[in-house]
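# Observations on chain architecture
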Amino acid sequence: MIRDKSFTSILMQWDKNENHRKMPWKGEKDPYKVWVSEIILQQTRVEQGWMYYERFLIQFPDLISLAKAKDDDVFKLWEGLGYYSRCKNLIHTARYIYDNYEGKFPENYEDILSLKGIGPYTAAAIVSFCFNKPYAVLDGNVFRVLSRISGNSIPIDSAEGKIWYTKLADKLLDKILPGKYNQAIMDFGATICKPMLPLCAACPANNICVAYDKTMVNILPVKEKVLKKRIRWFSYFIIKAEGKVLVRKRTENDIWQNLFEYFLIETPANPEWDFSAISTLFKTQLGINHLTISNISVAKPQQLTHQLIKGYFVHLEFSSMPEVLKSKNAMWLTDTAVSNLPFPKFINEYFSSPKSPPALF
DNA sequence: AACACGGGGAT
DNA sequence: ATCCCAGTGTT
């Protein structure tokens with residue numbers, strides 16, 4: 001077992017003298033801003049979230065402005081950041097605090113933990129950073145640092161591991177300066193005790209680090225869960241009629257919930273569309289005699305955490321809006337209206353990347 | 001307890 | 001290719 005006190009004092013000493021990491025939200029005490037930063041940073045690299053944080057606070061500088069915002073405007077700011085349920089919960093919780101706490105962010109750990117989108121990590125971060133309360137954060141950085149200094153190979157994603165690391169984190173927390181300590185251990189994990197190629201030779205804690213002593217640094221922390229992946233085939237039909245295009249909001253319980261998309265046909269395998277097959281499909285399904293396919297492109301595949309999305313983009317032109325395409329969430333919109341809506345990267349990529357020449361069959 | 005949820009950067 | 005990132009909600 002490691003000598004608890006020494007790690008804490010080593011870390012605080014390192015933070016005071018050698019930690020030069022700077023971030024826009026560091027030292028922030030406004031719980032609204034800290035909350036926004038922590039939600040943005042969930043499972044997201046600091047560098048990736050940085051600009052999103054700054055843009056978010058310009059448009060929604062306080063909780064009131066967020067509570068009164070339109071959903072799609074907030075999602076537009078979140079566009080491209082991923083994990084869109086974070087955005088949904090952010091809106092929901094802003095309105096909840098506005099309605100139930102008179103717009104003032106709660107300061108009690110349990111109250112904060114009960115809010116949608118806020119789990120143990122984010123609640124601990126908010127109360128320690130803003131109110132200096134003694135709650136230890138436990139994120140990917142902390143798991144890694146604690147696993148290595150203790151030399152523990154219990155999987156960090158097992159139930160047993162979570163309990164064990166929670167206890168150790170609570171024990172090592174600096175109870176006088178919990179906010180400083182929490183910030184320090186995450187900075188330390190991000191800059192010294194990195195996942196790959198950690199800077200062990202320069203590490204101020206290498207003399208008490210069990211993993212370093214036993215040359216186990218490269219195998220810790222241990223994870224037990226293996227990611228399952230699947231391929232999905234999305235064929236998008238960009239259907240235009242009377243100067244407008246068919247768009248719908250993704251409301252189903254699936255990826256990209258609350259983002260928008262074009263008319264989608266998902267197939268269990270590569271559909272290998274060609275002009276004739278698509279024409280037949282639409283003529284039979286829609287009872288339409290005439291349609292024009294102006295273009296078919298192969299989509300750039302997109303790798304998500306559990307899924308690989310592949311597919312096609314097909315442009316169709318109708319002389320008038322087909323009745324059968326007026327479904328529940330479907331809307332016919334102008335290009336201007338469409339440009340203000342949030343879309344998945346899979347779709348934005350298609351429109352932003354040069355397609356010369358179009359990848360035809 | 002197991003699983004889904006995005007996108008990007010490093011190795 | 002693979003891993004992992006200032007995790008959380010759902011089933």
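Being a predicted model, the structure only gives us computed values, none of them experimental.

### A few points about the packing of aromatic side chains
Within the structure shown, the criterion is met by 27 aromatic pairs. A ring pair is formed by phenylalanine 260 and phenylalanine 343, whose centres lie 6.4 Å apart and whose planes are at 45 degrees; its orientation type is tilted. Residue phenylalanine 260 is found in strand 3 (residues 260-261), and its partner phenylalanine 343 is found in the loop between helix 14 (335-339) and helix 15 (345-352); the two are separated by 83 residues along the sequence. Side by side, phenylalanine 260 and phenylalanine 343 carry an identical accessibility label, which is buried. Aromatic pair phenylalanine 263 and phenylalanine 282: ring centres 6.0 Å apart, planes at 55 degrees, arrangement tilted. On the criterion of sequence distance, the pair formed by phenylalanine 263 in strand 4 (residues 263-267) and phenylalanine 282 in helix 13 (residues 275-286) is long-range, its members being 19 residues apart. Among the aromatic side chains, those forming a connected cluster through ring pairs are Phe234, Tyr236, Trp256, Phe260, Tyr262, Phe313, Phe343, Phe346, Tyr350 and Phe351. The ring of tyrosine 52 carries arginine 55 above its face, with NZ or CZ at 4.8 Å from the centroid.

### Things to note about the pattern of salt bridges
If you walk through the whole model with that rule in mind, you get 16 salt bridges. The salt bridge partner of lysine 104 is glutamate 107, with a shortest N-O separation of 3.0 Å. For the salt bridge of arginine 232 with glutamate 266, the shortest nitrogen-to-oxygen distance reads 2.8 Å. Linking arginine 232 in strand 1 (residues 230-241) with glutamate 266 in strand 4, this pair joins segments that are 34 residues apart in sequence. For arginine 232, a relative accessible area of 6% puts it in the buried group. Judged by its relative accessible area of 38%, glutamate 266 is partly exposed.

Reading the values: rules and limits
- Per-chain numbering applies: the sequence of each chain, read as written, is numbered from 1 onward.
- The lettering of chains begins at A and the numbering of ligands begins at 1, in the order of writing.
- Totals for whole chains, interfaces and linings use all residues, but because this is a predicted model, local features are given only for residues with pLDDT of at least 70 and pairs of side-chain atoms are given and counted only at 80 or more.
- Excluded from the side-chain calculations are hydrogens and water; all other atoms, namely the structure's heavy atoms, are used.
- Pairing of aromatic side chains requires ring centres within 6.5 Å, counting the rings of Phe and Tyr and the six-membered ring of Trp. Pairs whose planes differ by under 30 degrees are stacked, by over 60 edge-to-face, and all others tilted.
- Each helix corresponds to a stretch of at least 4 residues labelled H or I by DSSP, and each strand to a stretch of at least 2 residues labelled E; elements are numbered beginning at the N terminus.
- Throughout, exposure labels follow a simple rule: accessible area from a 1.4 Å probe, protein chains only, divided by the maximum for the residue type, with under 20% read as buried, over 50% as exposed, and the rest as partly exposed.
- Our definition puts a charge over a ring when NZ of Lys or CZ of Arg is within 6 Å of the ring centre and also within 35 degrees of the ring normal.
- Salt bridges are identified by distance alone: a Lys or Arg side-chain nitrogen within 4 Å of an Asp or Glu carboxyl oxygen.

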